Amino acid sequence: MIDENENLKLNVEVIGKGKPVLILHGLAGHLNTMKVVFEPIFARTNDYQRIYVDLPGMGDSNAPIAFASSDKILEALLHFIKEKIGRPLLLIGYSYGGYLARAITVKMPELVDGLMLLAPMVIPTHEERMLPSNDWFKKSEKISTKKYLKAGWKEADPTFLAALDEQYAVSFEIDEQARKAQFDKVVLVVLGHQDTVVGYSDQLRLLTDYPRATFSVLDLAGHNLQMEQVELLAALVENWLKRSKNEI
């Protein structure tokens, strides 16, 4: 389906029925890269409606240059949640999608019943991130990248990405507001110990923001940890889903 808002056309794929789960991919990615990860997990239950979205300028969503900022992308997602979903949901974000998911939770906490952050980007400026050194892990990273390519990689719009890079951070302090809000629903944060894109140590400070969070730092896992630690990730997600239904 296509969701239209102003000049923006968001490509959206909805699978299943039940509790809505909005799933956001990373920078320059597309919804298929999330489907290949989460559909095998959600296929084990009939309780959830998965909602995959191509972010503006990525996948099959169009790229109006006016939306090339994190503020505008966030605004578009908030509009989509309010107008097209309109009820409490679970929220999953990978990498840049994790950054947006945290921002959505700050802006619309009453509609978020649970938050999962998969290798989330928390510091927009790359040079300010604390990153591990792991030359020994590069071979494994190449293998996991090839698995992603099998999802049918679609190139993002380069002009849009260049403009987004200039306004990559939202205009408000996510960390400060999240710490003040103390979001008390179930949270899962999964990090790769060998992640040289967003790291893992910067994210550990989020422990003070989410009182009901499970944090997991996985060994032999980089930024594509969802392709490297498939079974362990599935177990963590299933635990998060059970906690969200108070089944534990």
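To keep things clear, this report deals only with the structure shown in the data block.

The rules we used
- One numbering rule holds for all chains: residues counted from 1, following each sequence as written.
- In keeping with the predicted nature of the model, local features appear solely for residues at pLDDT of at least 70, side-chain atom pairs appear and are counted solely at 80 or more, and the whole-chain, interface and lining totals rest on all residues.
- Side-chain descriptors were evaluated using all non-hydrogen atoms of the structure, hydrogens and water having been removed beforehand.
- Numbering of helices and strands runs from the N terminus, with a helix taken as a DSSP run of H or I at least four residues long and a strand as a DSSP run of E at least two residues long.
- Only C-alpha atoms enter the radius of gyration, while the globule expectation follows 2.2 Å times N to the 0.38, with N the number of residues.
- Between buried and exposed lies partly exposed: a residue is buried under 20% and exposed over 50% of the maximum accessible area for its type, with that area taken using a 1.4 Å probe on protein chains only.
- Contacts are assigned to residue pairs with any non-hydrogen atoms lying within 4.5 Å of each other.
- Each accessible area is a Shrake-Rupley result for a 1.4 Å probe, and residues are judged covered by the shown protein chains and nothing else.
- For the purpose of charge, His is not counted, nor are the chain termini; Lys and Arg are scored as positive and Asp and Glu as negative.
- In this description, the location of a charge corresponds to atom NZ of lysine, CZ of arginine, CG of aspartate or CD of glutamate.
- We count a salt bridge whenever a side-chain nitrogen from Lys or Arg sits within 4 Å of a carboxyl oxygen from Asp or Glu.
- Expected span of a helix: the number of residues minus one, times 1.5 Å.
- Think of it this way: DSSP has to see at least two bridges between two strands before they count as a pair.
- A right-handed crossover is one whose linking path, passing over the helix from the first strand to the second, runs clockwise when the strands point away from the viewer.
- Aromatic rings from Phe, Tyr and Trp, taking only the six-membered ring of Trp, are treated as a pair when their centres fall within 6.5 Å; an angle between ring planes under 30 degrees marks them as stacked, one over 60 as edge-to-face, and anything in between as tilted.
- Only the contacting stretch of a helix is used when fitting its axis, a line to C-alpha atoms as for every element, and angles between N-to-C directions run 0 to 180 degrees.
- These descriptions rest on fixed angle ranges, namely under 35 degrees for roughly parallel, over 145 for roughly antiparallel, 65 to 115 for roughly perpendicular, and the rest for oblique.
- Handedness of a crossing is defined here by the sense of rotation of the near helix relative to the far one, left-handed for an anticlockwise turn of less than a right angle and right-handed for a clockwise turn.
- Gly falls in the polar group here, along with every residue not listed as nonpolar (Ala, Val, Leu, Ile, Met, Phe, Trp, Tyr, Cys, Pro) or charged (Asp, Glu, Lys, Arg).

## Some remarks on the overall build of the protein chain
- Looking only at helices and strands, the protein chain features eight helices and eight strands.
- Its C-alpha atoms give the protein chain a radius of gyration of 17 Å, within 12% of the compact-globule value 18 Å for 248 residues.
- Each principal axis of the C-alpha distribution contributes one length, and for the protein chain these read about 45 × 45 × 40 Å.
- Considering the protein chain as a whole, with its 248 residues, one finds that 54% of them fall into the buried category.
- Sequence separation of 24 or more characterises 81% of the internal contacts of the protein chain that already satisfy a separation of 6 or more.
- Just so you have it, the protein chain exposes about 11,100 Å², and 51% of that area is on carbon and sulfur atoms.
- When the 28 positive and 33 negative side-chain charges of the protein chain are each reduced to one mean point, those points stand 6 Å apart.

## Some details on the pattern of salt bridges
- Per the stated rule, a full pass over the model turns up 13 salt bridges.
- Its salt-bridge partner being Arg-102, residue Asp-175 comes within 3.0 Å of it at the nearest N-O pair. Residue Asp-175 is located in helix H6 (residues 174-181), and its partner Arg-102 is located in helix H3 (residues 96-107); the two are separated by 73 residues in the primary sequence.
- According to the relative accessible area criterion, Asp-175 is buried, its value standing at 16%.
- A salt bridge links Asp-113 to Lys-185, with the nearest nitrogen and oxygen atoms 3.3 Å apart.

## Re helix H2 (residues 70-85)
- Its 16 residues give H2 an end-to-end C-alpha distance of 21 Å, which sits within 8% of 22 Å, the value for a rise of 1.5 Å per residue.
- When H2 is considered as a whole, its buried residues turn out to be Ser-70, Ile-73, Leu-74, Ala-76, Leu-77, Leu-78, Phe-80, Ile-81 and Ile-85.

## Observations regarding the pairing of strand E3 (residues 19-24)
- Here E3 lies mainly inside the structure; five of its six residues are buried.
- Relative to strand E4 (residues 48-53), E3 is paired through six bridges, and the arrangement is parallel. Residue pairing for E4: Leu-22 is matched across the bridge by Ile-51.
- Read from E3 through helix H1 (residues 32-42) to E4, the crossover connection turns out right-handed.

## A closer look at the packing of aromatic side chains
- Throughout the structure, instances matching the rule amount to six aromatic pairs.
- Each ring, one from Tyr-96 and one from Tyr-99, has its centre 6.3 Å from the other, and the planes form 20°; the classification is stacked. Placement of the pair is Tyr-96 and Tyr-99 together in helix H3, with a separation of three residues, close to one helical turn.
- Classification of Tyr-99 by relative accessible area gives buried; the value is 4%.
- A centroid spacing of 5.0 Å and a plane angle of 20° characterise the contact between Tyr-96 and Tyr-168, whose relative ring orientation is stacked. Note that Tyr-96 is positioned in helix H3 and Tyr-168 in the loop between helix H5 (158-166) and H6, a separation of 72 residues in sequence.
- What makes Tyr-168 buried here is its relative accessible area of 12%.
- Here a set of aromatic residues connected by ring pairs shows up, and it is made of Phe-38, Phe-42 and Tyr-48.

## What about the packing of H3 against H6?
- As a packed pair, H3 and H6 sit with axes 10 Å apart at the nearest point and diverge in direction by 50°. Judged by the inter-axis angle, H3 sits oblique to H6. Here H3 and H6 pass one another in a crossing that is left-handed. Along its contact with H3, which presents Tyr-99, Arg-102, Ala-103 and Val-106, the element H6 presents Ile-174, Asp-175, Gln-177 and Ala-178.
- Here the contact of H3 with H6 is composed, by residue class, of five nonpolar, one polar and two charged.

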